[in-house]
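Breakdown of the fold
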Amino acid sequence: MGANDLQQTITLHRPTKVETPPGPWTVEAIQALLDKPLMDLLFEAQTVHRQHFPEGDIELATLLSVKTGGCPENCGYCPQSAEFDTGVKAQKLMEVDEVLRAAQAAKDAGATRFCMGAAWRAPKDRDVEKVAVLIEAVKGLGMQTCATLGMLEPHHAHQLKAAGLDYYNHNLDTAPEYYTDIVDTRSYQDRLDTLAHVRSAGISVCCGGIVGMGEQPVHRAGLIAQLANLNPYPESVPINSLVRVPGTPLADSEPVDPFDFVRIIAVSRITMPTARVRLSAGRQQMGDAVQALCFMAGANSIFYGDKLLVTGNPDVDADVQLLRKLGLRSRRTTAAEEAGACA
Ligand code: SF4
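Below is a summary of the structure that appears in this document.

Basis of the calculations
- Residues numbered from 1 in each chain as written.
- Predicted model: local features only at pLDDT ≥ 70, side-chain atom pairs only at ≥ 80, totals over all residues.
- Heavy atoms only, no water.
- Helix = DSSP H or I, 4+ residues; strand = E, 2+ residues; numbered from the N terminus.
- Expected span 1.5 Å × (residues − 1).
- Bend = angle between axes of the 7 residues up to and from the residue.
- Buried < 20%, exposed > 50% of the residue type's maximum accessible area, 1.4 Å probe, protein only.
- Contact = heavy atoms within 4.5 Å.
- Near = heavy atom within 4 Å.
- Nonpolar A, V, L, I, M, F, W, Y, C, P; charged D, E, K, R; others polar.
- Axes fitted to C-alpha atoms, helices over the stretch in contact; angles between N-to-C directions.
- Left-handed = near helix turned anticlockwise from the far one by under 90°.
- Phe/Tyr/Trp six-rings, centres within 6.5 Å; stacked < 30°, edge-to-face > 60°.
- Lys NZ or Arg CZ within 6 Å of the ring centre and 35° of its normal.

Its 14 residues give helix H11 (residues 283-296) an end-to-end C-alpha distance of only 15 Å, which falls more than 12% under 20 Å, the value for a rise of 1.5 Å per residue. At Ala289, H11 shows its strongest bend, of approximately 80 degrees. Among the residues of H11, Arg283, Met286, Val290, Gln291, Cys294 and Phe295 are the ones counted as buried. Looking at the buried residues of H11, the elements they touch are helix H3 (38-52), strand S7 (236-241), helix H10 (258-271), strand S8 (276-279), strand S9 (301-303) and helix H12 (316-326). Note on H11: the residue one or two positions beyond its end, Gly298, has a positive phi of about 115 degrees.

So this is what it looks like as structure tokens:
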């Protein structure tokens, strides 16, 4: 068959509209999606993606650890827990100037959202006051702000909202049935309570999970069901592939099959059609081809910057080149958002 014949056999179709049920999602329904032939699943996810994100842009979010290490929780994947010997040194909360410099550099490099992470079980009153100052300062640069500080009391959530916090990150990590295998210093319900306080305060929710922690397929489906059934579901959904850090209990976990990871991204897109699905930890190990498949599956946000809290991340130049090679544009803050941010 010649090239001309081949051309004649190819018919381009506009994507047909995929009707996604509004939920609630059962674990079985999610599992059925995860089990679809990969190309069918990718097509469905990409179709949903184009319906809701016709511009197809990629959001760049930079994450800075503003208070590192010494955390009293025992999340089995985390090098910042004081229980594990990982070589991470505990540090105090960073000064405003230092954080502002990092935020400005992230903005100059093209990031639109700046996320500040602190390794606390739950911030105290004085911690929230200090973080509120950081949020106001970063907001003043015209960036979207996000914080991840551990469990929040309702009044703390309101205080952060008043300071201008746009998003609060608090991950569910995994399915409820597997959760106590990963952490036992706080419960799944504690996490859901914090998410409810964040919502009540009018802050957008960033909530996702981690795969590659030894969970079974049903736990992956269970995690997605939990996220998709939050009412409303999160605006941002970070999906992490475990970075196996020596010294943590999960250091010897089996790596995730790359196609299984792509499937999880695709099903997150289908079940949470308007969310920004973020490729988060583990990108450094994925390589360009798997990341490209993840974008095809509907990922439209990445953590951008050389570090993710205390673990490595692809460097900025590599990300810029990858997006260029794939013909993907990064998201720019709109004039309206800038005006709102500085008001
Ligand atoms: S994930 Fe957060 S809460 Fe858990 S040990 Fe690490 S810093 Fe602490």
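The ligand sits among Cys71, Glu73, Cys75, Tyr77, Cys78, Ser81, Ala119 and Arg186. Looking at the shell around the ligand residue by residue, the class counts come to five nonpolar, one polar and two charged.

This next bit is on unusual backbone geometry. Glycine aside, negative phi is the norm for most residues, and most peptide bonds take the trans geometry. Geometrically, the link from Asn231 to Pro232 is a cis peptide bond, its omega value of 0 degrees lying close to zero. Structurally, the position occupied by Pro232 is in the loop between helix H9 (217-229) and S7. Positive phi outside glycine occurs at Asp173, with the angle close to 70 degrees. As for its placement among the helices and strands, Asp173 is situated in the loop between strand S4 (167-169) and helix H7 (176-179).

A separate point is the packing of helix H4 (residues 96-108) against helix H5 (residues 125-139). At a minimum axis distance of 10 Å, the contact between H4 and H5 shows a crossing angle of 35 degrees. Judged by the sense of rotation from one axis to the other, the crossing of H4 with H5 is right-handed. Contact with H4, carried on its side by Val96, Val99, Leu100 and Ala103, involves Val133, Leu134, Ala137 and Val138 of H5 and no other residues of that element. The residue inventory of the contact of H4 with H5, partitioned by class, reads eight nonpolar, no polar and no charged.

In this section: the packing of aromatic side chains. Between two aromatic rings, the relevant description is the distance of the centres plus the angle of the planes. By the definition in use, this model includes one aromatic pair. With a centroid separation of 5.2 Å and 85 degrees between ring planes, the pair formed by Tyr179 and Tyr188 is classed as edge-to-face. The class for Tyr179 is buried, based on a relative accessible area of 2%. Here Tyr188 falls in the buried class, since its relative accessible area comes to 9%. Positioned above the aromatic ring of Tyr167 is the side chain of Arg113, whose terminal nitrogen or guanidinium carbon lies 3.5 Å from the ring centre. Positioned over the ring face of Phe303 is Arg278, at 4.8 Å from the centre of the ring.

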